[in-house]
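Next come the chains, spelled out residue by residue.
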Amino acid sequence: DTGVSQDPRHKITKRGQNVTFRCDPISEHNRLYWYRQTLGQGPEFLTYFQNEAQLEKSRLLSDRFSAERPKGSFSTLEIQRTEQGDSAMYLCASSSGSASTDTQYFGPGTRLTVL
Amino acid sequence: KQEVTQIPAALSVPEGENLVLNCSFTDSAIYNLQWFRQDPGKGLTSLLLIQSSQREQTSGRLNASLDKSSGRSTLYIAASQPGDSATYLCAVNGGSYIPTFGRGTSLIVHP
């Protein structure tokens with residue numbers, strides 16, 4: 001068990017460009033989450049998958065954001081036409097278990113800077 | 001809508017002190033509450049999870065308590081060390097598998 005991994009760790013892009021991030025969860029976990037975190041704030045929920053099904057998507061998430069988990073393993077988060085307001089840390093987490101015992105394990109994050 | 005508040009926002013203490021971090025939430029219908037640690041520029045590390053039927057959980061020098069009826073949880077750190085310096089976040093799970101996070105308490109333990 002190598003934990004949750006994310007790639008890249010850092011991404012600098014120009015406004016208007018598209019970016020894609022990857023998350024590899026802990027192998028036996030069926031749930032995978034994406035969060036966004038800005039300085040001084042807690043993680044803000046973006047979306048989550050149970051196996052390959054996307055079950056929830058935040059109403060705060062604009063149409064420029066899309067996520068996939070095609071085979072119920074790794075996931076990608078794409079941001080199209082990036083804006084400066086998209087600059088943040090993007091965190092991925094995975095979990096398994098019941099609602100009472102669900103412990104989330106986080107990756108190291110991808111820091112996005114939009115110039 | 002669940003709201004989670006953490007007090008204080010920042011705390012600076014000398015090494016060796018025992019300290020308490022507070023977390024309050026507005027909707028008591030929760031399944032669990034989880035405490036995390038986050039080092040600067042890093043992801044979150046799970047410290048303790050308390051199920052709604054439990055009153056407390058302990059791990060080493062950490063003890064977390066939960067009073068669901070009053071909407072409060074505390075994280076007690078005994079004999080603090082400089083290595084404990086980090087941001088501590090609590091997250092509440094209302095049963096949808098989507099936790100609500102507080103903003104965290106930034107802790108500095110100085111030698």
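Keep in mind the model is a prediction, meaning the values are calculated, not measured.

Chemist: Run through the overall build of chain B, naming residues and quoting values.
Modeler: Tallying secondary structure elements over chain B gives zero helices and 11 strands in all. Each helix and strand of chain B, ordered N terminal to C terminal, gives the series β-β-β-β-β-β-β-β-β-β-β. Whereas a compact globule of 111 residues would reach a radius of gyration of roughly 13 Å, chain B reaches 13 Å, a difference of no more than 12%. In terms of its C-alpha atoms, chain B occupies a principal-axis envelope of roughly 40 × 25 × 20 Å. Counting every position in chain B, which comprises 111 residues, the buried fraction comes to 43%.

Chemist: Explain the packing of aromatic side chains to me, using residue names and the numbers behind them.
Modeler: Counting across every chain of the model gives nine aromatic pairs over all chains. Consider the rings of Tyr 35 of chain A and Phe 101 of chain B, whose centres lie 5.6 Å apart with planes at 85°: the pair is edge-to-face. With Tyr 35 of chain A in strand S4 (residues 31–37) and Phe 101 of chain B in strand S10 (residues 99–101), this residue pair bridges two chains. Like Tyr 35 of chain A, the residue Phe 101 of chain B is buried in the burial classification. Between Phe 106 of chain A and Phe 36 of chain B, the aromatic rings sit 5.5 Å apart at their centres with planes inclined by 85°, giving edge-to-face as the arrangement. Placement of Phe 106 of chain A in strand S10 (residues 105–106) and of Phe 36 of chain B in strand S4 (residues 32–38) is noted, with the two residues assigned to different chains.

Chemist: Account for the interface of chain B and chain A, with residues named and values stated.
Modeler: Residue-level contacts link 22 residues of chain B with 25 residues of chain A. Taking both sides of the interface into account, the surface hidden between chain B and chain A amounts to around 1,800 Å²; carbon and sulfur atoms contribute 56%. The largest share of the area that chain B buries against chain A comes from Tyr 97, Ile 98 and Arg 103 of chain B, three residues that together contribute 33% of it. One can count four residue pairs in polar contact (both at pLDDT 80 or more) joining chain B with chain A. Residue composition of the side of chain B that touches chain A, grouped by class: nine nonpolar, 11 polar and two charged.

Chemist: How would you summarise the sheet that holds strand S7 (residues 65–68) of chain A if you had to cite specific residues and measurements?
Modeler: Adjacent strands of a sheet pair through backbone hydrogen bonds, lying either parallel or antiparallel. Residue and element names in this part refer to chain A. Reading across from one edge, S1-S3-S8-S7 is the order of the four strands in this open sheet, with antiparallel pairing throughout. In this open sheet, the two strands that pair with only one neighbour each are strand S1 (5–7) and S7. Sheet twist, expressed as the average angle between the axes of neighbouring strands with direction ignored, equals 15°. Relative to strand S8 (residues 75–79), strand S3 (residues 19–24) runs antiparallel, the two being bridged by five bridges. Paired with Arg 22 across the bridge in S8 is Thr 76.

Chemist: Quick rundown of the state of the cysteines? Include the residues and the values.
Modeler: Scanning all chains against the criterion turns up two disulfides over all chains. Residue pairing for Cys 23 of chain A: its cysteine sulfur links by disulfide to Cys 92 of chain A, the two sulfurs lying 1.8 Å apart. Looking down the S-S bond of the Cys 23 of chain A and Cys 92 of chain A bridge, the torsion is -65°, so its handedness is left-handed. Separated by 69 residues along the polypeptide, Cys 23 of chain A in strand S3 and Cys 92 of chain A in strand S9 (residues 88–95) bring together distant segments of the chain. Each of the two residues, Cys 23 of chain A as well as Cys 92 of chain A, counts as buried. In this model, Cys 23 of chain B is linked to Cys 90 of chain B through a disulfide, with the two sulfur atoms separated by 2.0 Å. What sets the handedness of the Cys 23 of chain B and Cys 90 of chain B disulfide is the S-S torsion sign, and at about 75° it is right-handed. Of this pair, Cys 23 of chain B sits in strand S3 (residues 19–25) while Cys 90 of chain B sits in strand S9 (residues 86–93), placing them 67 residues apart in sequence.

Rules used throughout
- Residues numbered from 1 in each chain as written.
- Chains lettered and ligands numbered in written order.
- Predicted model: local features only at pLDDT ≥ 70, side-chain atom pairs only at ≥ 80, totals over all residues.
- Heavy atoms only, no water.
- Helix = DSSP H or I, 4+ residues; strand = E, 2+ residues; numbered from the N terminus.
- Rg over C-alpha atoms; globule rule 2.2 N^0.38 Å.
- Buried < 20%, exposed > 50% of the residue type's maximum accessible area, 1.4 Å probe, protein only.
- Phe/Tyr/Trp six-rings, centres within 6.5 Å; stacked < 30°, edge-to-face > 60°.
- Contact = heavy atoms within 4.5 Å.
- Buried area = accessible area lost by both parts, 1.4 Å probe.
- Polar contact = N/O pair within 3.5 Å; in protein donor to acceptor, adjacent residues only side chain to side chain.
- Nonpolar A, V, L, I, M, F, W, Y, C, P; charged D, E, K, R; others polar.
- Pairing = 2+ DSSP bridges.
- Axes fitted to C-alpha atoms, helices over the stretch in contact; angles between N-to-C directions.
- Disulfide = S-S within 2.5 Å.

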